[in-house]
Amino acid sequence: MQQKTTFSLFLLYVCLISYSNVTKAQTPGGSSHRLGLSLNLGTTPGLDIGYAISPKITARLGYSYFKYNTNTTAKTSGEDVKLGGDANVSIASLSFEYHPFKRSSFKLIGGASYFDKGQIALVVTPTGTYKFGSTSFSPSDLGNVQFTVDYGKQYAPFAGIGFGRTVPKRRVGFGFEVGSYYTQTPKVTLTGDKRLSSMSEQQAKVQENMKDWKYWPVVNLRLAIRLD
C-alpha cells in the first residue's frame with residue numbers, strides 16, 4: 001500500500017514539473033528551474049526532493065522513516081520498573097513551500113501525507129518483590145503491562161512555517177521547520193497479565209482521554225543541497 005501511494009505522489013510530482021516546464025518555456029526571459037535535496041533531522045527524520053516552480057514556490061516530495069527501540073529502567077512511585085518498547089514511523093508526503101518575501105528565507109508550508117506506520121508500543125515490568133498483606137509477589141508473579149498507541153494507515157494534511165529553502169540559492173543551505181500533521185484519533189491498547197490483568201479495564205478511559213490527540217508535531221533541522 002505504501003509503495004502504491006508513494007508512486008502516485010511521484011507521478012503527481014512529475015506532472016507538476018512537466019506543467020511548470022511548459023509554462024516557463026512560454027514565458028520570455030524565465031529563469032531555469034532548479035532541483036534540491038534536503039535532509040531532515042528531528043521528529044520526522046528523512047529526505048525531501050524539491051523542485052522550484054517559481055522563485056517563491058517549491059514543490060516537495062518527501063519520505064520520513066523513524067524506528068527506535070528502548071530497554072531501560074525507570075522509577076515510578078518510588079519503585080524501579082523495566083521499560084521496553086519501540087516507536088515505528090513511516091510517512092510519504094507531497095508539500096509546497098511558499099516564500100512570501102524576496103529577501104527572506106521565511107516560508108509557509110502546506111501539503112498532505114500518507115501514514116503507512118505510526119505506532120508507539122511500551123511494556124512496563126516490575127523489577128522488585130511486592131508485598132500485599134502477608135503475601136509477597138515476585139516480578140514473575142506480577143506480570144507486566146502493555147501500552148500501544150497506533151495511528152494506523154491514513155492520510156493527513158500538514159501545515160507549518162520555517163526558514164530556509166529546499167532549493168537553496170547557494171550550493172548548500174540550512175533551515176528549520178516547525179508544524180503539525182492533523183491526524184485521526186489514534187487507537188489505544190492497554191492490557192496486563194497475571195496480577196496486573198485489571199489494567200485492561202482502564203483501556204476505554206485512556207482511549208477517551210486521548211480522543212483529542214490529533215496533532216503530530218514536526219520540528220526539524222534541515223540541510224539542503226542544490227542539485228543543478
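To start, this report covers the structure provided alongside it. (Residues numbered from 1 in each chain as written. Predicted model: local features only at pLDDT ≥ 70, side-chain atom pairs only at ≥ 80, totals over all residues. Heavy atoms only, no water.)

**Thoughts on the overall build of the protein**
A count of helices and strands for the protein gives three helices and twelve strands. Relative to its 228 residues, the protein shows a buried fraction of 36%. In the protein, the proportion of contacts linking residues at least 24 apart, taken out of those at least 6 apart, comes to 67%. Carbon together with sulfur atoms contributes 61% to the accessible area of the protein, which is approximately 13,400 Å² in total. (Helix = DSSP H or I, 4+ residues; strand = E, 2+ residues; numbered from the N terminus. Buried < 20%, exposed > 50% of the residue type's maximum accessible area, 1.4 Å probe, protein only. Contact = heavy atoms within 4.5 Å. Areas by Shrake-Rupley, 256 points an atom, 1.4 Å probe, with all protein chains shown as cover.)

**What about the packing of aromatic side chains?**
Taken as a whole, this structure holds eight aromatic pairs when the rule is applied. Every member of this aromatic cluster is reached through a ring pair, and the members are Phe115, Tyr151, Phe158, Tyr181 and Trp216. (Phe/Tyr/Trp six-rings, centres within 6.5 Å; stacked < 30°, edge-to-face > 60°.)

**Some points on the layout of surface pockets**
Its volume calculated, the second largest pocket comes out at about 260 Å³. Lining the second largest pocket are twelve residues, and of these Val81, Pro126, Tyr130, Leu142 and Leu196 lie nearest its centre. Broken down by secondary-structure element, the contributors of at least two residues to the lining of the second largest pocket are strand 4 (79-98), strand 5 (106-126) and strand 6 (130-132). Partitioning the lining of the second largest pocket into residue classes produces nine nonpolar, two polar and one charged. (1 Å grid on protein atoms, 1.4 Å probe; cavity = no way out; pocket = protein on both sides within 12 Å on 5 of 7 lines; lining within 4 Å. Points joined across faces, edges and corners; volume = space filled by probe spheres on them. Nonpolar A, V, L, I, M, F, W, Y, C, P; charged D, E, K, R; others polar.)

**Remarks on the pattern of salt bridges**
This structure, assessed with the given rule, holds ten salt bridges. Between Arg60 and Glu177 there is a salt bridge, with the nearest N and O atoms lying 2.6 Å from each other. Highlighted residues: Arg60 in strand 3 (residues 57-76) and Glu177 in strand 10 (residues 172-182), separated in sequence by 117 residues. Relative accessible area serves as the criterion here: at 4%, Glu177 is assigned to the buried category. Linked through salt bridges whose partners overlap, the residues forming this network are Asp48, Arg60, Glu97, Lys107, Glu177 and Arg222. (Salt bridge = Lys/Arg side-chain N within 4 Å of Asp/Glu carboxyl O.)

**As for the nonpolar core**
If you look at the biggest cluster of nonpolar residues, it comprises 13 residues, and the most contacted ones within it are Ile91, Phe115, Phe158, Tyr181 and Trp216. Mapped onto this core, the elements with two or more residues apiece are strand 4, strand 5, strand 9 (154-163) and strand 12 (215-226). If near-sequence neighbours (up to four positions away) are discounted, Phe158 is found in contact with Ile109, Gly110, Gly111, Gly179, Ser180, Tyr181 and Val218. (Core = buried A, V, L, I, M, F, W, Y, C linked by side-chain atoms within 4.5 Å.)

**Considerations on unusual backbone geometry**
Although it is not a glycine, Lys194 adopts a positive phi angle of roughly 55°. Along the chain, Lys194 turns up in the loop between strand 11 (187-192) and helix 3 (203-209).

**Points about the pairing of strand 9**
Residues in a regular strand project their side chains so that they alternate between the two faces of the sheet. Along strand 9, the buried face is formed by Gln154, Ala156, Phe158, Gly160 and Gly162; none of Tyr155, Pro157, Ala159, Ile161 and Phe163, which line the opposite face, is buried. Summarising the sheet, strand 9 and strand 10 pair through six bridges and their orientation is antiparallel. Counterpart to Gly162 in the pairing with strand 10 is Glu177. (Pairing = 2+ DSSP bridges.)

**Concerning empty space enclosed by the protein**
Over the atoms a probe the size of a water molecule is rolled, and this reveals where empty space is left. A complete count under the given rule lists one cavity of 30 Å³ or more for this structure. The space that makes up the largest cavity amounts to roughly 180 Å³. Those elements that place two or more of their residues in the lining of the largest cavity are strand 2 (46-52), strand 3, strand 4, strand 5, strand 10 and strand 12. The element that contributes the greatest number of residues to the lining of the largest cavity is strand 3, accounting for four residues.

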